[in-house]
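# Reading the structure
Given next are the chains, with one letter for each unit.
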Amino acid sequence: DLHTELMAEIRWTPAETQKTQDGLDITSLELTASQAAVLKLLARPDVPGLLRTLRTGNALTAIARNAVNAASAIGLISVEGGTPIDVLRGGQAIEHVWLKASELGWAWHPMTALIPIFDMLNSPTALIFEPWALDRLSGLRERFNHLFTPSPRQLRLMLFRLSPASTPSAR
């Protein structure tokens, strides 16, 4: 469902972007030609399942690793507590930091998938993962928790990376 939802948000051509006036213009992602080709391949509904079956997808891992390694900083915005007001305050903090980073000439890159995936590992929904994937994700979560030690009441909202901003080719 997540794959279908994400791919439905991407606008693959200028004509589609102009026609729909919504979604995520593929050019705004500033992908290299090879990254765009990988994303187009991943858009096919059969590919993620095949990668899962083959226990592969190393090119995707490499793209993420290279992006993190090239970042000037990695950050995590979290709040104490989990009430709707706490989440609202956290959202306001995200907005404030993102706008300030842009004002100072920094590109803000949300990395939103890890946090909910790690949260899933503590719930019955973890059963959607193959046993080998659960092992790998549990190891990644342990490394993540070592870098961003959680407090008992902490609600993690957004992981992000920062890099020097360049003029975007599309908005």
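Attention in this report is confined to the structure presented alongside it. Note that residues are indexed from 1 along each chain, following the sequence as it is written. Per-residue local features are limited, in this predicted model, to residues with pLDDT of at least 70; the limit for side-chain atom pairs, both in listing and counting, is 80 or more; totals at the level of whole chains, interfaces and linings are taken over all residues. Computation of side-chain values covers all heavy atoms of the structure but excludes hydrogens and water.

### Section: the overall build of the chain
Put simply, the rule is: Helix numbers and strand numbers start at the N terminus; a helix is a DSSP run of H or I with at least 4 residues, a strand a run of E with at least 2. The contact rule is simple, with two residues in contact once any of their heavy atoms fall within 4.5 Å. Only the protein chains shown count as cover for residues, and the accessible areas themselves come from Shrake-Rupley with a 1.4 Å probe. Positive charges come from Lys and Arg alone, negative charges from Asp and Glu alone, with His and the N- and C-terminal ends not counted. Every charge is mapped to an atom, namely NZ of Lys, CZ of Arg, CG of Asp or CD of Glu.
Helix and strand counts for the chain come out as eight helices and five strands. Beginning at the N terminus, the succession of helices and strands in the chain can be written as α-β-α-β-α-α-α-β-α-β-α-α-β. Taking the principal axes of the C-alpha coordinates as reference, the chain spans close to 50 × 45 × 30 Å. Once local pairs closer than 6 in sequence are excluded, the contacts in the chain between residues at least 24 apart make up 64%. Carbon together with sulfur atoms contributes 60% to the accessible area of the chain, which is approximately 11800 Å² in total. Between the mean site of the 16 positive side-chain charges and the mean site of the 16 negative ones, the chain shows a separation of 5 Å.

### Topic: the side chain of D86
Here is the rule: Exposure classes here rest on a 1.4 Å probe applied to the protein chains alone. A residue is buried below 20% of its type maximum, exposed above 50%, and partly exposed in between. What qualifies as a polar contact is a pair of N or O atoms within 3.5 Å, subject to a donor-acceptor requirement within protein and to the restriction that residues adjacent in sequence count only when both atoms come from side chains.
Note that D86 resides in helix α6 (residues 84–103). Judged by relative accessible area, D86 falls into the buried class, the value being 10%. A distance of 3.2 Å separates a polar side-chain atom of D86 from the backbone nitrogen of G82. Look past the residues within four positions of D86 in its chain and what remains in contact with it is V79, E80 and G81.

### Some remarks on the side chain of R11
The residue R11 is located in strand β1 (residues 10–11) in this model. Judged by relative accessible area, which is 9%, R11 ranks as buried. Separated by 2.8 Å, the side chains of R11 and D22 make a polar contact. The contact partners of R11, leaving out residues within four places of it in the chain, are E16, T17, T20, D22, G23, L24, D25 and I26.

### What about the environment of S151?
Structurally, the position occupied by S151 is in the loop between α8 (131–147) and β5 (154–164). Spatially, the C-alpha atom of S151 lies 10.0 Å from that of V79, the residues being 72 residues apart in sequence.

### Some remarks on the packing of aromatic side chains
Condition: Geometry of aromatic contacts follows a simple scheme: Phe, Tyr and Trp rings, the Trp one being its six-membered ring, pair when their centres are within 6.5 Å, and the pair is stacked under 30 degrees between planes, edge-to-face over 60, tilted otherwise.
In total, this model carries four aromatic pairs according to the counting rule given. Residues F118 and F144 carry aromatic rings whose centres are separated by 5.4 Å and whose planes lie at 55 degrees to one another, so their mutual orientation is tilted. Of this pair, F118 sits in helix α7 (residues 114–120) while F144 is found in helix α8, placing the two residues 26 residues apart along the sequence. Each member of the pair, F118 together with F144, is buried. Relative to F148, the ring of F144 has its centre 5.2 Å away and its plane inclined at 45 degrees; by these criteria the two rings are tilted. Here F144 matches F148 in class, with each residue buried. Grouping aromatic residues by their ring pairs yields a cluster made of W98, W108 and F160.

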